[in-house]
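What follows is each chain in one-letter form.
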Amino acid sequence: LAVGLVASLIGGPLFLKFLGDRLPFKVVPAAFADLKVREEKDLPSLGASLFTVLLPIVLMLVKTTADLNMSKDNPLLTFLQFIGNPITAMFIAAFAAYYMLGIRRNMGMSVLLSKTEESFSSIANILLIIGAGGAFNGILKGSGLSDSLALVLSGIDMHPILLAWLVAIILHAAVGSATVAMMGATAIVAPLMPLYPHISPEIMTLAIGSGAIGCTIVTDSLFWLVKQYCNATLAETFRYYSVATLIASVVALAGTFALSFVI
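Here goes a summary of the coordinates provided. Every chain is numbered on its own, with residues counted from 1 as its sequence reads. Totals for whole chains, interfaces and linings use all residues, but because this is a predicted model, local features are given only for residues with pLDDT of at least 70 and pairs of side-chain atoms are given and counted only at 80 or more. By convention in this description, side-chain values take in all heavy atoms of the structure and omit both hydrogens and water.

Side note on a nonpolar patch on the surface
Excluding any residue in a salt bridge, patches collect residues exceeding 30% relative accessible area, merging like charges within 9 Å and nonpolar Val, Leu, Ile, Met, Phe, Trp and Tyr side chains within 5 Å. Residue-level accessible areas treat just the shown protein chains as cover; the underlying method is Shrake-Rupley with a 1.4 Å probe. Salt bridge, as used here, is a side-chain nitrogen of Lys or Arg placed within 4 Å of a carboxyl oxygen of Asp or Glu. The grouping of Leu46, Leu50, Val53, Leu54, Ile57, Val58, Leu61 and Val62 at the surface amounts to a nonpolar patch, some 720 Å² of accessible area in total. Note on placement: Leu50 falls in helix 3 (residues 46-69). Residue classification places Leu50 among the partly exposed positions, given a relative accessible area of 45%. For the purposes of this entry, the term helix denotes a DSSP run of H or I that reaches at least four residues, the term strand denotes a run of E that reaches at least two, and both are numbered from the N terminus. Exposure categories follow from relative accessible area, calculated using a 1.4 Å probe and restricted to protein chains: below 20% of the type maximum is buried, above 50% is exposed, and the middle band is partly exposed.

What follows is the structure, given as structure tokens:
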């Protein structure tokens, strides 16, 4: 928590303050900014809103917990894995939203249809760009680039914390997924751990996580999501967002090194 908070603070608000007037003002797209103030009585309750937002997260957490604690022969595990799959969880949450935020508030099917169409029109270009980014990600994985990088990086003679960070950040740049980068870096670094008994597994975990948040570039769908939502150019997204994540990553690495002297 200490490392993450410091990295977020320096890579976020402090970096923004440092940019000051150099950060170009961007008009938020009308689809996201043209919001009308409504009376509280016309809005769904806090409980209904939180339930709708948290439902897919809870379903995925239940699946993860079941994977760790239940036997593979348990039929309940198969059911939990199905509803906890990210696609299934979001599908269930969408229908829950239709009921909790629509039908329960006396909205007719025609109103729900129009609101659904409005939502698609505002996010269609973002979905297309993320889809293209996912396709590019798939090409990189299929080409075996990440495996080749893993072999090269594992043979480099350097401090294990720096090696774990470097492997994770390069894998993130190559495959466009922080999650895949962390899993790949863990597989590479874990066999090296017996060679460094003075380095705790927790510190190595922090080093991998620090690397995986950096180098957010065109291979990552989040890069394009930020670009579209902020109405920024490609150059501006590189200059500000990619640099911000890199700063946070380097700060987290420095914090990990500092913690390694006491843990």
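So, helix 12 (residues 234-260)
In this scheme, a helix's expected span is set at 1.5 Å multiplied by one less than its residue total. For helix 12, spanning 27 residues, the distance from its first C-alpha to its last is 37 Å, which sits close to the expected 39 Å at 1.5 Å a residue. Take the seven residues that end at a residue and the seven that start at it, fit an axis to each, and the angle between those axes is the bend at that residue. Taken as a whole, helix 12 carries its principal kink of about 25° at Val243. For helix 12, every residue scored as buried is listed here: Glu236, Thr237, Tyr240, Ser242, Ala244, Thr245, Ala248, Ser249, Val251, Ala252, Leu253 and Thr256. Buried residues along helix 12 sit in contact with helix 1 (2-19), helix 8 (160-175), helix 10 (201-212) and helix 11 (221-229). Whether two residues are in contact is decided by their heavy atoms, any of which lying within 4.5 Å being enough.

Some remarks on helix 8
Along its 16 residues, helix 8 runs 22 Å from first to last C-alpha, staying within 8% of the 22 Å computed at 1.5 Å per residue. At the C-terminal side of helix 8, Gly176 shows a positive phi close to 75°.

Notes on the environment of Leu253
Mapped onto the elements of the fold, Leu253 is located in helix 12. With 91 residues separating them along the chain, Leu253 and Leu162 place their C-alpha atoms 7.9 Å apart. Those residues in contact with Leu253, other than ones at most four positions away along the chain, are Ile161, Leu162, Trp165 and Ser210.

Re the packing of aromatic side chains
Note on aromatic pairs: the rings of Phe, Tyr and Trp (six-membered ring only in Trp) are paired at centre separations within 6.5 Å, and the planes decide the class, stacked below 30 degrees, edge-to-face beyond 60, tilted for the rest. Considering all chains together, one arrives at four aromatic pairs under this definition. Consider the rings of Phe91 and Phe95, whose centres lie 5.0 Å apart with planes at 65°: the pair is edge-to-face. Within this pair, Phe91 and its partner Phe95 are both found in helix 5 (residues 86-101), separated by four residues, close to a single helical turn. For Phe91, a relative accessible area of 53% translates into the label exposed.

Section: unusual backbone geometry
Within the chain, Asn106 stands out as a residue other than glycine whose phi angle is a positive 65°. When you line up the elements, Asn106 lands in the loop between helix 5 and helix 6 (109-142). Of note in the backbone geometry, Cys215 takes a positive phi value of approximately 55° without being a glycine. When you line up the elements, Cys215 lands in the loop between helix 10 and helix 11. Exposure remark for Cys215: the relative accessible area of 26% places this residue in the partly exposed category.

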